[in-house]
Amino acid sequence: MTNEGRLDAGGGDVATPGVDGGDSDGIPRDAGGAGADALKGDLLEVAVALPVAGTFTYRDPRPGARIAPGTQVVVPFGGRTVTGFVLGPARATPSAVRDIEAVVGGEPAFDEHLMGLCRWAADYYQAPLGEMLRAGLPQGERAEAVRLVRLTPAGERAARGEGTATQISLGGVDVGENSVDPVLRMLLEAARGELPWRLIAKRMGRGGLSPAARITRLESAGLVEVGDEVRDRRASATVPFVVAVAGDVATLPPRARARRAVLEKIGGAADGLRLGALSSGERGHVRALVAAGLARVDQRPASNVGARRGGVAGGEEPPSPNAGQARAIAEITGALGGGYATFLLQGVTGSGKTEVYLRVIAEARAAGRGALVLVPEIALTPQLAGRFRARFGDDVAVLHSALPPRERLGAWRRLRAGEVGIALGARSAVFAPVRDLGVLVVDEEHDSSFKQEEGVRYHGRDLAVVRAQRAGAVAVLGSATPSLESKRNVALGRFRALLLPDRATARALPPVEIVDLRRHPPGPDGLLSAPLGEAVAANLAAGRQTILFLNRRGFSTVVLCRGCGHVVGCAHCTVSMTYHRGRDRLVCHYCGTQESVPLVCPGCHLPRLDRLGMGTERVESLIREHFPDARVARLDRDTAGASAAGHADGGGHLNEVLRAMNAGEIDILVGTQMVTKGHDFGGVTLVGVLQPDQAMHLPDFRASERVFQLLEQVAGRAGRGDEPGRVIVQTYNPEHAAIVAVRTHDYEGFVRGELAARVEAGYPPFTRMVVLRLDGPDERRVRSDATAVAEAAMAVGGSAVRLRGPAEAPIPRVRGRSRFQVWLAAADRAPLAAAARAGAAVKLGPDVRLIVDVDPQSTL
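About the thresholds
Residues numbered from 1 in each chain as written. Predicted model: local features only at pLDDT ≥ 70, side-chain atom pairs only at ≥ 80, totals over all residues. Heavy atoms only, no water. Buried < 20%, exposed > 50% of the residue type's maximum accessible area, 1.4 Å probe, protein only. Helix = DSSP H or I, 4+ residues; strand = E, 2+ residues; numbered from the N terminus. Arc of directions from axis to C-beta. Axes fitted to C-alpha atoms, helices over the stretch in contact; angles between N-to-C directions. Parallel < 35°, antiparallel > 145°, perpendicular 65-115°, else oblique. Left-handed = near helix turned anticlockwise from the far one by under 90°. Contact = heavy atoms within 4.5 Å. Nonpolar A, V, L, I, M, F, W, Y, C, P; charged D, E, K, R; others polar. Salt bridge = Lys/Arg side-chain N within 4 Å of Asp/Glu carboxyl O. Core = buried A, V, L, I, M, F, W, Y, C linked by side-chain atoms within 4.5 Å. Phe/Tyr/Trp six-rings, centres within 6.5 Å; stacked < 30°, edge-to-face > 60°. Lys NZ or Arg CZ within 6 Å of the ring centre and 35° of its normal.

### Section: helix α7 (residues 257-267)
Right, so step 1: Within α7, the full set of buried residues consists of Val262, Leu263 and Ile266. Along the long axis of α7, the arc covered by the buried residues comes to 100°, so they all point the same way. Among the exposed residues of α7, those pointing more than 90 degrees away from its buried face are Arg257 and Glu264.

### Section: the packing of helix α4 (residues 182-189) against helix α5 (residues 197-204)
Right, so step 1: For the pair α4 and α5, the least separation of the axes is 11 Å and the interaxial angle reads 125°. Looking at the two axes, α4 sits oblique to α5. As α4 packs across α5, the resulting crossing turns out to be right-handed. Contacts between α4 and α5 pair Pro182, Val183, Met186 and Leu187 from the former with Ile200, Arg203 and Met204 from the latter.
Right, so step 2: Looking at side-chain class alone, the contact of α4 with α5 contains six nonpolar, no polar and one charged residues.

### A look at the pattern of salt bridges
Right, so step 1: Per the stated rule, a full pass over the model turns up 41 salt bridges.
Right, so step 2: For Arg150, the salt bridge is made with Glu194, and the minimal N-O distance between the two is 2.8 Å. Here Glu194 lies in strand β11 (residues 194-196) and Arg150 lies in strand β8 (residues 143-151), a separation of 44 residues in the sequence.
Right, so step 3: Residue classification places Arg150 among the partly exposed residues on the basis of a relative accessible area of 21%.
Right, so step 4: By relative accessible area, which is 12% here, Glu194 ends up buried.

### A look at the nonpolar core
Right, so step 1: In terms of nonpolar packing, the biggest core is built from 73 residues, with Phe110, Leu133, Leu372, Leu774 and Leu824 touching the most fellow members.
Right, so step 2: It is helix α1 (residues 112-124) that provides the largest number of residues to this core, a total of seven residues.
Right, so step 3: Beyond its immediate chain neighbours, meaning those up to four positions away, Leu133 contacts Ala47, Phe85, Leu87, Phe110, Met115 and Cys118.
Right, so step 4: Counting 38 residues, the second-largest nonpolar core is a separate cluster that includes Leu635, Ala660, Ile666 and Val675.

### Let's talk about the packing of aromatic side chains
Aromatic rings in a pair are described by how distant their centres are and how their planes are angled relative to each other.
Right, so step 1: By the definition in use, this model includes nine aromatic pairs.
Right, so step 2: Here the aromatic rings of Phe56 and Phe77 are separated by 5.1 Å at their centres, their planes lie at 85°, and the arrangement is edge-to-face. Of the two residues, Phe56 sits in strand β3 (residues 55-60) while Phe77 sits in strand β4 (residues 72-77), which places them 21 residues apart along the sequence. Neither Phe56 nor Phe77 differs from the other in exposure class; each is buried.
Right, so step 3: Across from the ring centre of Tyr579, 4.2 Å away, lies the NZ or CZ of Arg611, which sits over that ring.

Listed below in structure tokens is the structure:
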């Protein structure tokens, strides 16, 4: 949670709204107008979708009407209009109460079970309940409260340079006689003379008078007005499709080659193409084709879109399980219908964990129970979706953030209506409205991406286990390299362990060779050692596929001056900028700032800048130079986003790379961790790991565990087909525990050593941890507030809680805000939670933000 703009519930869970002490967007508002109408109608408890503590009482003014719990509503809040969720009848009767302004949608967004899950999660993760409920809705189902800034008639005259308002002094900043305030100019150029406040703040950037102060001054001068508008952004119930129509193609102009190509593309799809899957240029040709009578646009129900891909009807004949799979299937299916149980399915890479999932889910569906499957990466969704649809046909709904809102909403509504019984998606799918949940699968359960790091910070895996417990369902956590937390839960008897020690095929795990770069340094370009270069060449000559893994994006990770040693860094973060050659821009991977590459050094002003370091973009370029005849592709976050909008399962380039790899049309695939998880490429016989050393020495107690997991996962991509595999790891630290363990695929040995180190240092899974993260523009104020937070936490936690900090974060500044951390640890949850709540309750300075991160997965 954040306590920026937070309200105190005043000693109870229910507080009277209308006493807002300031809005979190930084514009002070008058809190008046609480309303003293006689209490008529039903009084309801509402959680508002804002970072505020407590819940609030509102009145439903409609005579005889009843708003069911879980319904999304529009309510006044202080000087604003916001969205919220009805929790049920009010538990208190305030002296003054305000009316609910509108009901969003015709039915509750959440049923009783999901409401209970969100309540539990909000309490455990110390997050506002309204924000947790909002996180549980797909984007297309949410109504959004937007703060708008509008020009007044006087402001419009000022923006046009008319009258005496041309020169305005705003907080001591004079815009000049012949200039116009930039906010007024933006609003004048806007379509309706209004823009969202956040968009104005983004365009204004950092430096000078803050957007909040500038807008406040303009409002006081009568040049703008600020108000809220609730926009029902719920996606349409229909999706446009374009279909080819028989007609005379000769009517097209001879030079209209692009238009003819679009017509051929449309005609090649038997059921037509979704209009959103075409580029903006192609959609322009569609309009011309419709006008020529060669195509038509149909509106189809969104609930049917995504129900079936590529004509897959289900009914695939499943392979016969091996002995290990059969034992796991029997034990898990035996637990179905018997109440809650969690199984940790530990299987080596290629052991057939997915087939176990499919068999267990088939049993659950045969018994009329629903199923939910979570994967850590969107990159895994298309492949798994294909396997699930081949087995279950239209009974599968796919949910993840790369899908267009209308398709995601259509899948969500089909689940809620009970039209499908299996949900498959990434982290946020843990809130999917699956009816009568019987089995819940978390694939690659160890993956840190299951932890939400923005907004409400929940852990998808842990929340999945809680959901299974509350539903009396079976949870299956699968991984080749389970997290230490899950291994600890097995030791404590909370989870039941199942092992798949062998691959599903006759192939053994690939041997791992360690190349010591101190003895075999890479070539002049810093890429390949002689052993790895020779192996890639031999693999290419044999017509086999290779994966090269480097967990860093970009072309050059550092731009450094050879004259003075200056490193070009981000102006808003204490990190270096990364050069991306495809964009020819410097990019900050923390705040997203992009800049052109300077011609001279910003420090000494000499033209001596070098682009050093290596990312996947540079590896791809060098590999093309080393092996000019090879078919080379790259898969990372930069390329996976290409053409994502509108693609069937999210990510056009991603799916094309996966298809080409499976078809043998790619010889060498360069990638980040997106290539390490779950993919089953039968033609890959060589995996090369380029530079794992940097990740080993991050200031994070989980660094060794994550390096081992990544290396073991990527090693598992080799030798999954008919030919044996081989793995080569280049490193300057061959003695590191993770490298030593990967060499022999010794997961158990690595875990023993890592657990011994963790228990000695007092780290999870032997203790619980909460980190209170503070940030703000003024370093001294943030440091002072962090000290006060630490003192308040320890005053409550006492000897039961161990304090580390306050300390500056490893990356001290991000997005122009200084960052400090207060780490709390304890053996028991109760004193730890109480200490964290006490620390979070400290009144902070202006523009200082505090975030409570329960069970943190990152120290950065």
